[in-house]
Amino acid sequence: MKLLILAMKNLTRNQLRSLLTIAGVAAGMFLYASVQTMQHSLSVATQSSADDTTLVVYRENRFCPSTSRLPEHYLSTIKRIPGVKEVIPIQIAVNNCGASLDVITFRGVPPETLKQYNPGITVIDGSFDDFLNRTDGALVGQHLAERRGLSPGDKFEVVGVNVTVAGIIISDSPQDENVAYVHLPFLQQASRIGLGIVTQFNVKVDSSDQLQTISDKIDETFKADQQPTNTRPEKAFFAETAKQMIELIGFTRWLGLGAVFAVLGLVANAVLLIVRGRVKETAILQTLGFSRLAIGVIVVIEGVLLGLIGGLVGVIGAMSFFKLKAFTLGNEGLTLALTPSSSVTISGLGVAMALGLLASLYPAWKATSRPLVESLNA
Amino acid sequence: MNPHISVKSVTKAFTKGKTTITPLENLSLDVPRGEFLSLMGPSGSGKTTLLNLIAGIDTPTSGQILIDGNDIARLTRAQLTRWRAKHVGYIFQLYHLVPILSAYENVELPLLLGKLGKSERKKKILSALDLVGLGDRADHRPSELSGGQEQRVAIARAIVHDPELLVADEPTGDLDRESADSILNLLDTLATKHGKTIVMVTHDPKASASAHRALQLEKGQFIEEGHLLTHA
């Protein structure tokens, strides 16, 4: 504790240098935390778990919602397959089929079955009844509403579809917070797809063990049909369909690594400069009886503090930025909400602290390895 | 009675490039407890080297340095550090106070190494500052003090952990006459009234005259023993 106080006072000695170092670390850690947020959001969206019980039925060999067209009457056939719990037909309309940071996705669903299929949806503003009663009513996900500044009663238009916001929703599923749910017949007509045609079916099964069996059964059922299907677990569907987006996010891993090395170099350089500027003072402390270990600990604490303070500013800044901007990465009609998470915050601070520690080890050794008399005469 | 410091046949040599330099050669010296000894001599005579050896900052190439009968020349670097923390107070020519710390915090530094509680540390620090006449300057930073006051703080830092041995390297070298006299009086008080053994290196004959005994070094050898003063 005594050494910590001494190290903290040392950092105030050259305030400009300390502030510049902290600013540099903050910038690096902002980048690192941003990359980690993307990776984490992607991992949540694509990594399957034992709780996953949802299948997506898509048109075989189609990858974009505008080309996947399935007859709505498949619904009753799928419902009859043993192990199927719930099925919902979905028509999807998007403003941009390619990769975009501001994708607007309409999901046309039978309004009366939405709550039954997805009980995790909660209306936080407006009302579900308004949605049921208005044919052009839309339940808008919170992220989308924040991004577009929408509130109940507002009208908005995208890709020729005019809707009225009936409610703002939150959901257990991050995807739901980036879409607007509308009435299926309304969207089928507004998007000129035509009644009776849907983009996909989302199927809930009794248990995750049955995912493979049921998906095989569905595809087998429609194999000889005019519109054959390709059924996959929801997360695998996301991972395969949004391949380009995943590759792009995968590439950002290198940016994160670059940021880590930049922070490491910056802190090491700053601590080395601190140590070089205090050769004589370090020798004085050793003359007073401070051991090499105590001197090293002071130097390391300074490095860790620089890393930690800069990390705190950078990581909290990145988390606030993502929270404020509510970014959603979209591709092929799928949306990936870039959501700040506590695990990224904690790991970011841990990395910042570890980098500070690592960066100060060599300067700490350098500070204590020189012969005392030589340092006193420096 | 055994001397407090006994330097026996000490030689210190080191190499600089291809040249071997021997600042001290086969030197011996006894210093009784409570003596205020001054070491004089031209630059390169070996006086600071001898001071550093006595203070445990450096180690001899050969010979013994007995402090209270213990040969510190045989201690490792870590053992010497612990020994210095307990037994030695060092006073530098340029004070070398930590600029971001107050006088109080500078004096506290040697005590941070021990296990004393905050209140015990405070008592010792204020007592040391009072002894050097700076009890009312505890909160001042070095930049707010005069050179003489800074050196007094440095002396308070050197005595706060109550070492038996004080070593001073040109303690008045950077001070005006008045401040220098005041510091020398303080060192004399520490030796005569508090029983500290003081070894001081100086270029200043007037400063040397304040000591109980003065030794002249040249080329690593004592060439003349000076006055033996008796102080009241």
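Residues numbered from 1 in each chain as written. Chains lettered and ligands numbered in written order. Predicted model: local features only at pLDDT ≥ 70, side-chain atom pairs only at ≥ 80, totals over all residues.

Some remarks on unusual backbone geometry
Residue and element names in this part refer to chain B. Put simply, the rule reads: Helix numbering and strand numbering both begin at the N terminus, where a helix is a DSSP run of H or I of at least 4 residues and a strand a DSSP run of E of at least 2. Three exposure classes are used. Buried residues have 20 or more other C-beta atoms within 10 Å of their own C-beta, exposed residues have 12 or fewer, and partly exposed residues fall in between, all C-beta atoms being placed from the backbone.
For Ser9, which is not a glycine, the phi torsion comes out positive at approximately 45°. When you line up the elements, Ser9 lands in strand 1 (residues 5-16). Residue Ser9 is classed as exposed on the basis of its 12 C-beta neighbours within 10 Å. In this structure, Asp162 takes a positive phi of about 55° despite not being glycine. Judged by the 14 C-beta atoms lying within 10 Å of it, Asp162 is partly exposed.

Some thoughts on the interface of chain B and chain A
Just so we agree on the cut-off: Remark: residues whose backbone-derived C-beta atoms lie within 7 Å of one another are considered to be in contact.
Listed per partner, the contact involves 16 residues of chain B and 15 residues of chain A. Examining the composition of the side of chain B that touches chain A, we find that 4 residues originate from one element, helix 2 (residues 77-87) of chain B, more than from any other.

Comments concerning the pairing of strand 4 (residues 105-109) of chain A
Residue and element names in this part refer to chain A. So the rule is basically this: For two strands to pair, DSSP has to find at least two bridges joining them.
Across the 5 residues that make up strand 4, a large majority, 5, are buried. Pairing between strand 4 and strand 9 (residues 179-183): 5 bridges, direction parallel. Residue pairing across strands places Thr105 opposite Val179, the latter belonging to strand 9.

Describing the domain arrangement of chain A
What counts here: Domain delimitation in this document rests on an assignment produced automatically or drawn from a domain database.
Per the domain assignment, the segments of chain A are domain 1 (2-46 + 244-376) and domain 2 (61-227). Centre-to-centre separation of domain 1 of chain A and domain 2 of chain A, based on C-alpha positions: 44 Å.

Looking at the nonpolar core
Here is the rule we go by: By convention in this section, buried Ala, Val, Leu, Ile, Met, Phe, Trp, Tyr and Cys residues joined through C-beta atoms within 7 Å make up a nonpolar core.
In terms of nonpolar packing, the biggest core is built from 173 residues, with Val140 and Ala180 of chain A together with Leu39, Ala156, Val167 and Ile198 of chain B touching the most fellow members. Sorting elements by how many residues they give to this core places helix 12 (residues 292-325) of chain A first, with 13 residues. Those residues within four positions of Val140 of chain A in sequence are excluded, and the remaining contacts are Ala145, Leu150, Val165, Ile168, Ile169 and Ala180 of chain A.

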